[in-house]
Amino acid sequence: MRELLHTGFMSNRGRQNVASFLVRDLNIPWTYGAEWFEQQLLDHDPCSNYGNWQYVAGVGNDPRSDRYFNVIKQAKDYDPQGDFVKLWCPELKELGANVIHHPWVMRADQLKLGGVQLGVTYPKPIVEPEAWKKHYFGYSTKGKLGSANPSEKVRRHRK
């Protein structure tokens, strides 16, 4: 979202992830997101924009209601080292690839070592769907196990 706000652009994958998060995880009407993107995108195309939002929302010509983009899985599949996150969220640049997509699971002392304070330098999550949790650790790209350090125990950050 920072990329979109600062440049007026966002990849199609990013757009679909945002649409799924807003529609599926936050239960926000798809039209709100479509209208906001219409105002922000420099390359706005009504057919593509509204088509993507309808696709993710499960309305229109392909009305599947179970379309869901798990943003943690997508992040690990398409940004496994966190390079994109580090570019647009520089406050997370000191975190390792195994936690950069979900820093809220780290203990406060671990976050402090990385220069992160949840709710101050980086926002706390507003939701944490159960579907995300299976992709936190022991998961690498394209569903393969192994990239996270299995000996590293990271406790759930208490709210």
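Note that the coordinates shown come from a computational prediction; the quantities given were computed from them, not determined experimentally.

**Regarding the confidence of the model for the protein**
Mean pLDDT over the protein: 86, with 85% of residues reaching 70 or higher. Across residues 139–159 the pLDDT falls below 50, and counting only partners more than four positions away or on other chains, this stretch makes 40 contacts in the model.

**Observations regarding the environment of A19**
Structurally, A19 is set in helix 2 (residues 12–25). A residue is classified by how much of its surface remains accessible, and A19, at 1% relative accessible area, is buried. Along the backbone, A19 and A34 are 15 residues apart, and their C-alpha atoms lie at a distance of 8.3 Å. The residues contacting A19, other than those within four sequence positions of it, are R24, W53 and V56.

**Overview of the layout of surface pockets**
Computed from the structure, the largest pocket encloses a volume of approximately 1300 Å³. Taken together, 32 residues form the lining of the largest pocket, with M1, V18, V71, C89 and Y122 sitting closest to its centre. Of all the secondary-structure elements, those providing two or more residues to the lining of the largest pocket are helix 1 (2–7), helix 2, helix 5 (71–78) and helix 6 (83–88). Looking at the lining of the largest pocket, the element that brings in the most residues is helix 2, giving 6 residues. For the lining of the largest pocket, a count of residues per class yields 22 nonpolar, 5 polar and 5 charged.

**Points about unusual backbone geometry**
Look at N27: it is not a glycine, yet its phi comes out positive at around 55°. One can find N27 in the loop between helix 2 and helix 3 (30–40).

**What about the side chain of H101?**
Relative to the elements of secondary structure, H101 occurs in the loop between helix 6 and helix 7 (108–113). Since its relative accessible area comes to 9%, H101 is described here as buried. Reaching out from H101, the side chain makes a polar contact with the backbone oxygen of D79 at a distance of 2.8 Å. In contact with H101, not counting residues within four places along its chain, are I72, A75, K76, D79, P80, G82 and V85.

**Topic: the packing of aromatic side chains**
The full count for this structure, using the stated rule, is 7 aromatic pairs. Ring geometry for W30 versus Y50: centroids 6.2 Å apart, planes at 80°, classification edge-to-face. Highlighted residues: W30 in helix 3 and Y50 in helix 4 (residues 46–57), separated in sequence by 20 residues. Here Y50 falls in the partly exposed class, since its relative accessible area comes to 24%. Ring centres of W104 and Y136 lie 6.3 Å apart, and the angle between their planes is 75°; this geometry places the pair in the edge-to-face category. Of this pair, W104 sits in the loop between helix 6 and helix 7 while Y136 sits in the segment after helix 8 (130–133), and the two are 32 residues apart along the sequence. By the burial criterion, W104 is buried, and Y136 matches it. Three or more aromatic residues joined by ring pairs make a cluster, and in this case those are F21, W104, W132, Y136 and F137. Between the NZ or CZ atom of R67 and the centre of the ring of Y55, over which it lies, the distance is 3.7 Å.

**Re the packing of helix 3 against helix 4**
Where helix 3 contacts helix 4, the axes come no closer than 9 Å and their chain directions differ by 155°. Put simply, helix 3 runs roughly antiparallel to helix 4. Relative to helix 4, the crossing made by helix 3 is right-handed. Of the residues in helix 4, those in contact with W30, G33, A34, E35, F37 and E38 of helix 3 are N49, Y50, W53, Q54 and A57. Across the contact of helix 3 with helix 4, the residue classes break down as 6 nonpolar, 3 polar and 2 charged.

Reading guide: rules and limits
Residue numbering note: each chain is counted from 1, following its sequence as written. Two thresholds apply to this predicted model, a pLDDT of at least 70 for residue-level local features and 80 or more for giving and counting side-chain atom pairs, whereas whole-chain, interface and lining totals are computed over all residues. Side-chain measures were taken over the full set of non-hydrogen atoms in the model, leaving aside hydrogen atoms and water. Per residue, pLDDT captures the predictor's confidence, and it can take any value from 0 to 100. Whether two residues are in contact is decided by their heavy atoms, any of which lying within 4.5 Å being enough. The numbering of helices and of strands both runs from the N terminus, where a helix is a DSSP run of H or I of at least 4 residues and a strand a run of E of at least 2. Three exposure classes are used, based on accessible area relative to the maximum for each residue type with a 1.4 Å probe and protein chains only: buried under 20%, partly exposed in between, and exposed over 50%. A cavity here means a set of 1 Å grid points, computed over protein atoms only, where a 1.4 Å probe fits but cannot escape. A pocket is an open set with protein on both sides within 12 Å along at least 5 of 7 lines, and lining residues have an atom within 4 Å of a point. Grid points are joined across faces, edges and corners, and a volume is the space filled by probe spheres set on the points. For this classification, Asp, Glu, Lys and Arg are treated as charged, while Ala, Val, Leu, Ile, Met, Phe, Trp, Tyr, Cys and Pro are nonpolar and the rest, including Gly, are polar. In the analysis that follows, any N or O atom pair within 3.5 Å is treated as a polar contact, provided that within protein one partner can donate a hydrogen and the other can accept it, and provided that, for residues neighboring in sequence, both atoms belong to side chains. Each pair of aromatic rings taken from Phe, Tyr and Trp, with Trp reduced to its six-membered ring, is defined by centres within 6.5 Å and is described as stacked if the planes are under 30 degrees apart, edge-to-face if over 60, and tilted in the remaining cases. Look at NZ for Lys and CZ for Arg. If either is within 6 Å of the ring centre and within 35 degrees of the ring normal, a charge sits over the ring. The convention used is that axes are lines fitted to C-alpha atoms, helices contributing only their stretch in contact, and that angles between N-to-C directions extend from 0 to 180 degrees. Each angle receives one of four descriptions, namely roughly parallel if under 35 degrees, roughly antiparallel if over 145, roughly perpendicular if within 65 to 115, and oblique otherwise. Put simply, a crossing is left-handed when the front helix is turned counterclockwise from the back one by less than a right angle, and right-handed when it is turned clockwise.

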